[in-house]
Amino acid sequence: MNRNRRIFIVVFIVFTTIVALFAIDMASRTTAPWNRRRELERALPVQKDGTAVDTAATDTLLIP
């Protein structure tokens, strides 16, 4: 095996590993489409009668 081919193989393996690690990192930081509803329910709590809870009313930064 000549030197150029060996360098190409090493660079290819390193590049592929880096791209795979980036893909795994991005996948771990995103939400799957089938889990978005549950995440929305956690972010915006809903009362038993179906109305949304006013979260701005409890914000202390809005009080003068």
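Use the structure listed above.
Residues numbered from 1 in each chain as written. Predicted model: local features only at pLDDT ≥ 70, side-chain atom pairs only at ≥ 80, totals over all residues. Heavy atoms only, no water.

Engineer: Would you explain the overall build of the chain in this entry?
Structural biologist: What the chain contains, in helices and strands, is two helices and zero strands. About 6,500 Å² of surface is accessible on the chain, with carbon and sulfur atoms providing 65% of the total. (Helix = DSSP H or I, 4+ residues; strand = E, 2+ residues; numbered from the N terminus. Areas by Shrake-Rupley, 256 points an atom, 1.4 Å probe, with all protein chains shown as cover.)

Engineer: Just to check I follow, could you spell out the pattern of salt bridges for this structure?
Structural biologist: Opposite charge on two side chains lets them pair, provided their charged atoms get close. Scanning the entire structure with this criterion turns up one salt bridge. Where Asp25 meets Arg29, a salt bridge forms, and the shortest distance between an N and an O atom there is 3.1 Å. Note that Asp25 and Arg29 are positioned in helix H1 (residues 3-29) at a spacing of four residues, about one turn of the helix. Since its relative accessible area comes to 33%, Asp25 is described here as partly exposed. Judged by relative accessible area, Arg29 falls into the exposed class, the value being 67%. (Salt bridge = Lys/Arg side-chain N within 4 Å of Asp/Glu carboxyl O. Buried < 20%, exposed > 50% of the residue type's maximum accessible area, 1.4 Å probe, protein only.)

Engineer: Where do I start with the packing of aromatic side chains in this structure?
Structural biologist: Remark: the centre distance and the inter-plane angle together describe each pair of aromatic rings, the angle taken between the planes. A full pass over the atoms with the stated rule returns one aromatic pair. Considering the side-chain rings of Phe8 and Phe12, the 6.4 Å spacing of their centres and the 20° angle between planes classify their relative orientation as stacked. Placement of both Phe8 and Phe12 in helix H1 is noted, with a separation of four residues, approximately one turn of the helix. Residue Phe8 is classed as exposed on the basis of its relative accessible area of 58%. (Phe/Tyr/Trp six-rings, centres within 6.5 Å; stacked < 30°, edge-to-face > 60°.)

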